[in-house]
Amino acid sequence: MGPTTGKNLQPDMIQAKGLTHYYGPYPAIQDVSFGVRKGEILGFLGPNGAGKTTTMRIITGFVPPTHGSVTLDGYDVVEQSLEARRRVGYLPETVPLYTDMSVTNYLKYMGTLRGMSPKAIKTRIGDVVDVCRLGDYSKTQIGKLSKGFRQRVGIAQAIIHEPQVLVLDEPTIGIDPIQVVETRRLIQELGRDQTVVLSSHILPEVSMICDRVLIINEGRIVAEDTPKNLAEGLQGVDRLEVEVGGPVAQVLPILKGIAGVNDVAHVNNNGRHTYTIQAEAGKDLRNEISRAVISNGWSLQGLQLVGMSLEEIFLRLTTHEEL
Amino acid sequence: MRTAQAVAWKEIQIYFSSPTAYIVGLIFLALTGFFFTQDLGDPFPEATLAPFFYGATIVFILLAPALTMRLLAEESKLGTIELLLTSPVRDWEVIVGKYVASLVFFLVLVALSFFYAILLFVYASPDPGPIFAGYLGLVLYGSAALAVGLLTSTMTNNQIVSAVVAMGILLALFFADRAFGSIGGLAGEIIGEMGLRGHFDDFERGVIDTKNIVYFVSVVAFFLFLSIRTLESRRWR
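All figures in this text were calculated on a predicted structure; none of them were measured in a lab.

Q: Quick rundown of the overall build of chain B? Include the residues and the values.
A: Helix and strand content of chain B: 13 helices and zero strands. Ordered by position in the sequence, the α and β elements of chain B form the string α-α-α-α-α-α-α-α-α-α-α-α-α. The C-alpha radius of gyration of chain B comes to 19 Å, within 12% of the 18 Å expected for a compact globule of 237 residues. When its C-alpha atoms are laid out on the principal axes, chain B stretches across 60 × 45 × 30 Å.

Q: Which residues make up the overall build of chain A, and what values do they have?
A: Scanning chain A from terminus to terminus reveals twelve helices and 14 strands. For chain A, the residues scored as buried account for 42% of the 323 residues in total. Relative to all contacts within chain A whose residues are 6 or more apart in sequence, the contacts with residues 24 or more apart total 68%.

Q: Requested: an account of the pairing of strand β8 (residues 195-200) of chain A, with residues and values cited.
A: All names here are of chain A. Counting buried residues along β8, six of its six residues qualify, which places the element largely inside the surrounding structure. When strand β3 (residues 41-45) meets β8, the two strands line up parallel, connected through five bridges. Across the sheet, Phe44 pairs through a bridge with Ser199, a residue of β8. The sheet contact formed by strand β7 (residues 165-169) and β8 spans five bridges and is parallel. In the sheet register, Val165 faces β8, and the bridge partner there is Thr195. Read as a crossover between parallel neighbours, the route from β7 over helix α7 (residues 177-190) to β8 is right-handed.

Q: Quick one: what's the story with the domain arrangement of chain A, residue by residue and with numbers?
A: In terms of domain boundaries, chain A breaks down into domain 1 (3-232) and domain 2 (235-307). The distance between the C-alpha centroids of domain 1 of chain A and domain 2 of chain A comes to 46 Å.

Q: Please give an account of the interface of chain B and chain A that cites residues and values.
A: Often, the extent of an interface is quoted as the loss of accessible area upon association of its parts. Facing the 17 residues of chain B at the interface are 20 residues of chain A. Residues of the side of chain B that touches chain A, tallied by class, amount to eight nonpolar, five polar and four charged.

Q: Before we move on, can you summarise the nonpolar core with the specific residues and values?
A: Most often, soluble globular proteins have nonpolar side chains that are buried together. Counting 141 residues, the largest nonpolar core has Tyr106(A), Ala156(A), Val197(A), Ala144(B) and Ala147(B) as its most contacted members. Looking at which element gives the most residues to this core, the answer is helix α8 (residues 128-155) of chain B, with 13 residues. Apart from the residues within four sequence positions on either side, Tyr106(A) is in contact with Leu97(A), Tyr98(A), Met101(A), Ile142(A), Val153(A) and Gln157(A). Formed by twelve residues, the second largest nonpolar core is a distinct cluster that contains Val244(A), Tyr275(A), Leu285(A) and Ala292(A).

Q: Account for the confidence of the model for chain A, naming residues and giving values.
A: Mean pLDDT for chain A: 84, with 88% of residues reaching 70 or above. In this model residues 1-10 of chain A is a low-confidence stretch, pLDDT under 50, and it forms twelve contacts with partners more than four residues away in sequence or in other chains.

Q: Which residues make up the sheet that holds strand β1 (residues 14-23) of chain A, and what are the values?
A: Within a sheet, neighbouring strands are paired by backbone hydrogen bonds and run either parallel or antiparallel to one another. Residues and elements named next belong to chain A. If you walk across this open sheet you meet the four strands as β2-β1-β4-β5, and the pairing is antiparallel. Where the open sheet ends on each side, the last strands, each with one partner, are β2 (26-36) and β5 (75-76). One ladder, built from seven bridges, connects β1 with β2; its direction is antiparallel. If you follow Tyr23 over to β2, its bridge partner there is Tyr26. The strands that helix α2 (residues 52-59) touches are β1, β2 and β4 (67-72); relative to β1, the one it contacts most, it runs at about 120 degrees.

Q: Please provide a residue-by-residue account of the packing of helix α3 (residues 50-68) of chain B against helix α9 (residues 159-174) of chain B, values included.
A: Residue and element names in this part refer to chain B. Their axes nearest at 9 Å, the elements α3 and α9 cross at an angle of 145 degrees. Crossing of α3 over α9 shows right-handed handedness. Contacts between α3 and α9 involve Ile61, Leu62, Ala64, Pro65, Ala66 and Thr68 on the former and, on the latter, Ser162, Ala163, Ala166, Met167, Leu170, Leu171 and Phe174. Residue composition of the contact of α3 with α9, by class: eleven nonpolar, two polar and no charged.

Q: Tell me about the sheet that holds strand β14 (residues 299-306) of chain A, residues and numbers included.
A: Residue and element names in this part refer to chain A. Here four strands make up an open sheet; going across it, the order is β12-β13-β11-β14 and the pairing antiparallel. Among the strands making up the open sheet, the edge pair consists of β12 (261-269) and β14. Each adjacent strand pair in this sheet contributes to an overall mean axis angle of 20 degrees, direction not counted. Relative to strand β13 (residues 272-279), β12 runs antiparallel, the two being bridged by eight bridges. Residue pairing across strands places Ala265 opposite Thr276, the latter belonging to β13. On the sheet, helix α10 (residues 248-257) packs against β11 (239-245), β12 and β13 and is oriented at approximately 155 degrees with respect to β12. Docked against the sheet, helix α11 (residues 286-295) engages β11 and β14, running at close to 165 degrees with respect to β14.

Q: Quick one: what's the story with α8(B), residue by residue and with numbers?
A: Here α8(B) spans 41 Å end to end across 28 residues, near enough to the 40 Å set by a 1.5 Å rise per residue. The element α8(B) is largely enclosed, with a buried count of 21 among its 28 residues.

Q: Which residues make up α7(A), and what values do they have?
A: For α7(A), spanning 14 residues, the distance from its first C-alpha to its last is 20 Å, which sits close to the expected 20 Å at 1.5 Å a residue. In the core, the buried residues of α7(A) are packed alongside α6 (147-159), β7, β8 and α8 (203-209) of chain A.

Cut-offs applied
Residues numbered from 1 in each chain as written. Chains lettered and ligands numbered in written order. Predicted model: local features only at pLDDT ≥ 70, side-chain atom pairs only at ≥ 80, totals over all residues. Helix = DSSP H or I, 4+ residues; strand = E, 2+ residues; numbered from the N terminus. Rg over C-alpha atoms; globule rule 2.2 N^0.38 Å. Buried ≥ 20, exposed ≤ 12 C-beta atoms within 10 Å, placed from the backbone. Contact = placed C-beta atoms within 7 Å. Pairing = 2+ DSSP bridges. Right-handed = clockwise from strand over helix to strand, strands pointing away. Domains from an automatic or database assignment. Nonpolar A, V, L, I, M, F, W, Y, C, P; charged D, E, K, R; others polar. Core = buried A, V, L, I, M, F, W, Y, C linked by C-beta atoms within 7 Å. pLDDT = per-residue confidence, 0-100. Axes fitted to C-alpha atoms, helices over the stretch in contact; angles between N-to-C directions. Left-handed = near helix turned anticlockwise from the far one by under 90°. Expected span 1.5 Å × (residues − 1).

Now the structure itself:
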C-alpha cells in the first residue's frame with residue numbers, strides 16, 4: 001500500500017493499531033489503538049509507568065512496537081521511517097539538550113537534522129524564538145538556562161521545522177506555575193494548525209488543553225473521549241451533598257436507609273455536619289432525602305448535586321477494574 | 001548528506017572547544033616528542049622519523065579511544081540520541097558524521113607533528129621516502145583506531161567502558177602479528193595478518209604496499225559497518 005492510497009483510506013493524521021511493546025517479558029503497553037485527526041490535540045492521561053512514554057516513543061519511531069503499527073500521514077513509522085520522521089516534532093520527557101551549545105546554534109543544528117535549508121532555518125529561527133519567548137537568551141549556552149527555559153528550547157526544537165505532528169511528553173513537568181500557564185497557551189496555539197499528542201498526569205491540564213483525552217493505565221487504554229463527555233458519561237453515579245442539623249448517630253442510618261442510596265460518608269466541619277451520598281446510577285434522590293430529613297424534625301441546611309470531577313473519574317478509572 | 005555534514009561540524013566544534021581534546025593533543029605531542037628526540041642523543045644520530053612513528057602508534061592506542069568515547073556514549077547517556085534518532089537522519093549519516101569529526105581532529109594532531117619532520121629537514125637531510133610513507137601509514141593506522149573507538153562508543157552509554165574496551169581491542173590487534181609465533185599454523189597466520197602493527201611496519205620502512213592500504217581501509221569499513229549496525233539495532237531493542 002503506497003502512501004497516497006494510505007492517505008485516502010485514513011483521514012486521521014496518526015493511526016495506531018494494536019500497539020504492544022514488551023521490555024523483556026514485561027508488557028509496557030498492550031493493544032493500544034487510537035486515531036488523531038488533523039489539527040486535534042490529544043492528551044494521554046495516566047499515572048507514571050502507565051505506558052505514555054512508550055507509546056510516544058513508538059509514534060516518533062524511537063522504539064518499534066513489538067506488535068501493531070502506527071502511521072503518520074499515511075506513512076508507517078517502521079517501514080517508511082524517514083518519511084514518517086520528517087513529519088514529527090518531538091519533545092521527550094527529559095528534554096535532552098546539548099548543554100554546551102548556544103540556543104541559536106542548537107536550533108540551527110536541529111533544523112538541519114530535520115532537513116531544513118540554511119535559508120529556511122535563518123528565517124524560521126526568529127519566529128520560533130519569539131513564539132517560545134527565548135528572545136533574550138538566544139545567544140546563551142543551554143547549560144546555563146533554568147529548567148523552564150530549557151523546556152522552551154525543547155519546544156522550540158520540536159516546532160522549528162513546522163512538523164505536521166507534534167509529540168510532547170509531559171511538556172509542563174518540573175517548571176514553575178507561571179511558565180506552566182504560558183506553555184499551555186503555547187500548545188493550544190500550536191494545536192490550531194498542527195496535530196498535537198501530549199501526555200500528562202495532571203488532570204486539569206489535560207482537560208484544559210486537549211480536544212480529546214485518552215486515559216491509559218497499566219499499558220491499556222481505559223477510556224477515550226472529550227474531557228466534557230468523560231465527565232458526563234460517568235454521571236450515572238450521582239453524588240449529593242447534604243448538610244443536616246441533627247444527631248449524627250440518628251441521621252446516618254436514616255440516610256442510608258433511603259431506597260437508592262449506595263453509600264453515605266459523614267464529615268464534621270466545626271459542628272456543621274455534611275453527608276456525601278452516593279446514589280444509584282441516574283437517580284435524583286433530592287426529594288426523598290429532604291422529606292426524610294424534615295419528617296424527622298431535623299433541619300435541612302443544604303442540599304446539592306455534586307458532579308464527578310475528572311480527577312475522580314481518573315482515580316476511578318485507574319483504581320477500579322470495572323468501568 | 002547535509003545532515004552528516006551537520007553532525008560532523010557540530011562534533012568538530014565540540015572537539016575544539018572541549019578540554020579533553022586539548023589534553024589528548026598535549027599528551028600526543030609530549031609523548032611523540034619524547035620518542036622523536038630519543039635517538040637524537042646518539043653520537044651519530046640518524047635523520048629519521050621512525051622512532052616518532054613507533055611512538056605514535058603506541059600512544060594512539062590510548063588516545064584514539066579517548067577521542068571517540070564521547071561520540072555516541074554521551075548521546076545515549078544524556079538522552080539526546082532520542083532526538084537524533086527521531087530526526088529524519090539515516091543511521092549511516094550519524095556514524096559517518098561522527099567519524100569524520102574524530103578524523104579531522106586526528107589529522108590536526110598529525111599535522112602538528114610535521115614540526116618534527118621540518119626540524120629534520122632544516123638540520124639534516126633525511127630520506128623523504130620513509131617520512132612520506134610513514135605519515136600515510138600513520139593516517140591509515142589512526143583512521144582504523146578511531147573506527148574501533150567509534151564502535152565501542154556506539155555500544156554503551158558509559159564513556160569509560162567505551163574507552164577501555166576500545167583499548168583492549170586495539171592492544172589485541174596491535175600485538176596480533178606475534179600470534180604466529182605462539183599459535184602457529186593457519187590459525188596463527190590468519191590472526192597474525194589481522195595485526196595493526198604488522199601492516200604498519202612496511203610504511204615505516206618507506207614501502208607503500210597496496211596490501212597494507214587495503215588492510216587499513218578494510219578495518220575502517222568493517223568497524224564503521226558494525227557501528228551503523230549497532231546503532232540500527234537500538235531501534236529493535
